[in-house]
Structures are given as C-alpha cells and as structure tokens.
Amino acid sequence: MVVKMKNIITFIKMCFFPVLIMSPLLAKGHHSFAMFDSSQFMLVEGTVLRWNFNSPHSWLYIEALDAQGDLVEWGFEAGSPINAMRNGVTGNTFQRGERIKVVMNRIRTGAASGAICFAQKEDDLIVRPNNNSTCDSVGIAARWTEEGWLENAAYLEYHQAN
C-alpha cells in the first residue's frame, strides 16, 4: 500500500510539475503582440461598423478598402477596457457609421487586421484605445500630425516606427 501511494504521488508530481513551470510562459505568450509588425505603422480610413469594448481586449471593426480596392471589414485589437479608460476611451467612443482614420501595426499575415495605435475622428480628435505597451500612441500621433501624414498620407501607406 505504501509503495502504491508513493507511485501515485510520484506520478502526480511528474504530470503537474511541468504544467506549473510552463504556466507563466503560457500566460505571457497570450499577452504578446508579436503577431503584429511593430516596425511600421499603416493608415486605414473607413466607417465604424462596431466597437467591442470588452475584456480581455477591445476590438474596433471598420469597413474600408483593401489593397485591391475591395470593401472589406478590418479589425483592430485595442487594449483592455481599463487601460483604454485611462486614455479617456469608453464604450461609447466609437459610433457605428462614423468615419475615422486608424493608425495601426498590421498583422504579419497580411490580413485586414492590426493592433491599433491611435485613431483620428472626423473632428480631428485623437483617440488612444491601446494600452501603450504596443506603441507610444502620444508620440506616434504627434509624429504623424507633425509630418502631415494624417492629412496627406495615401490610403494604406506605411511609415517606419523610428
């Protein structure tokens, strides 16, 4: 009986110890934005379809043209609601039908998706629904404004992060 109990305890340790060691790595991997190309920012202009202001990450969806000129749905991952609220963003910040410009890091697969850095509304208000770990939205918005890229950039134009 004692031998069986030792075997059971050893088995449990062998099964669960690797899981305990790997758990922090798996959690960290979930919060990675490595799937987005942070070396450059891209401008997309379109019409808001919906704003999903929910945990763990909010998503902004707009209807805009792709590189071939076809109207498609673009999705932009934002920060968590608590981080977005620290930047003045709420669940009512984006309204269906409003025109916006989104500056984002595109997903590496080339799909119509990315991590939002900031958005500019029709009244020129800069909105920052990100968590500031993926981009310095204050600095990037200032640079895009100073360089005139928000006013003059060609649709889907890229600019280097540095």
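Residues numbered from 1 in each chain as written. Predicted model: local features only at pLDDT ≥ 70, side-chain atom pairs only at ≥ 80, totals over all residues. Heavy atoms only, no water.

A.B. asks: What is the right way to look at helix H3 (residues 137-146) in this model?
C.D. replies: For an α-helix the count is 3.6 residues per turn, leaving residues at separations of three or four pointing the same way. Within H3, burial applies to Ser137, Ile140, Ala141 and Trp144. Within H3, the buried residues cover an arc of 100 degrees as seen down the axis, which keeps them to one side. Exposed residues on H3 whose side chains face more than 90 degrees from its buried face are Val138 and Glu146. On its buried side, H3 packs onto strand E1 (40-52), strand E4 (99-106), strand E5 (113-121), strand E6 (126-127), helix H4 (149-152) and strand E7 (158-160). Once H3 finishes, Gly148 follows within two positions and takes phi at roughly 80 degrees, a positive value. (Buried < 20%, exposed > 50% of the residue type's maximum accessible area, 1.4 Å probe, protein only. Helix = DSSP H or I, 4+ residues; strand = E, 2+ residues; numbered from the N terminus. Arc of directions from axis to C-beta. Contact = heavy atoms within 4.5 Å.)

A.B. asks: Looking at this structure, I do not really get the state of the cysteines. What am I missing?
C.D. replies: Covalent bonding between the sulfur atoms of two cysteines is what defines a disulfide. All told, the structure shown has 1 disulfide when counted by the stated rule. Across a sulfur-sulfur distance of 2.1 Å, Cys117 and Cys135 are joined as a disulfide pair. On the S-S bond that ties Cys117 to Cys135, the torsion sits near 95 degrees, and the link is right-handed. Of the two residues, Cys117 sits in strand E5 while Cys135 sits in the loop between E6 and H3, which places them 18 residues apart along the sequence. Per residue, the accessibility class of Cys117 equals that of Cys135, and both read buried. (Disulfide = S-S within 2.5 Å.)

A.B. asks: What exactly am I supposed to notice about the nonpolar core here?
C.D. replies: In globular proteins that are soluble, nonpolar side chains generally tend to be buried together. Residues Val44, Leu60, Ile62, Trp74, Phe76, Phe94 and Val102 are the most contacted members of the largest nonpolar core, which totals 20 residues. For this core, the secondary structure elements donating two or more residues are E1, strand E2 (59-65), strand E3 (71-77), E4 and E5. Here the element with the most residues in this core is E1; it accounts for 4 residues. If we skip the residues at most four places from it in the chain, Phe76 touches Val44, Ser58, Trp59, Leu60, Ile62, Val102, Met104, Gly114 and Ile116. Within the second largest apolar cluster, 13 residues are counted, among which are Cys117, Trp149, Leu150 and Ala161. (Core = buried A, V, L, I, M, F, W, Y, C linked by side-chain atoms within 4.5 Å.)

A.B. asks: What exactly am I supposed to notice about the pattern of salt bridges here?
C.D. replies: Close approach of charged atoms allows side chains with opposite charge to pair. This structure, assessed with the given rule, holds 3 salt bridges. A salt bridge links Lys121 to Glu98; its shortest N-O distance comes to 3.4 Å. Taken together, the residues span a long stretch of sequence, with Lys121 in strand E5 and Glu98 in the loop between helix H2 (81-86) and E4 at a distance of 23 residues. The residues Lys121 and Glu98 share a single accessibility class, namely buried. (Salt bridge = Lys/Arg side-chain N within 4 Å of Asp/Glu carboxyl O.)

A.B. asks: Can you walk me through a nonpolar patch on the surface in this structure?
C.D. replies: Side chains of Leu65, Leu71 and Tyr155 sit close together on the surface and give an oily, nonpolar patch of about 260 Å² of accessible area. Here Leu65 shows up in strand E2. (Patch = residues over 30% accessible without salt bridge, like charges linked within 9 Å, V, L, I, M, F, W, Y side chains within 5 Å. Areas by Shrake-Rupley, 256 points an atom, 1.4 Å probe, with all protein chains shown as cover.)

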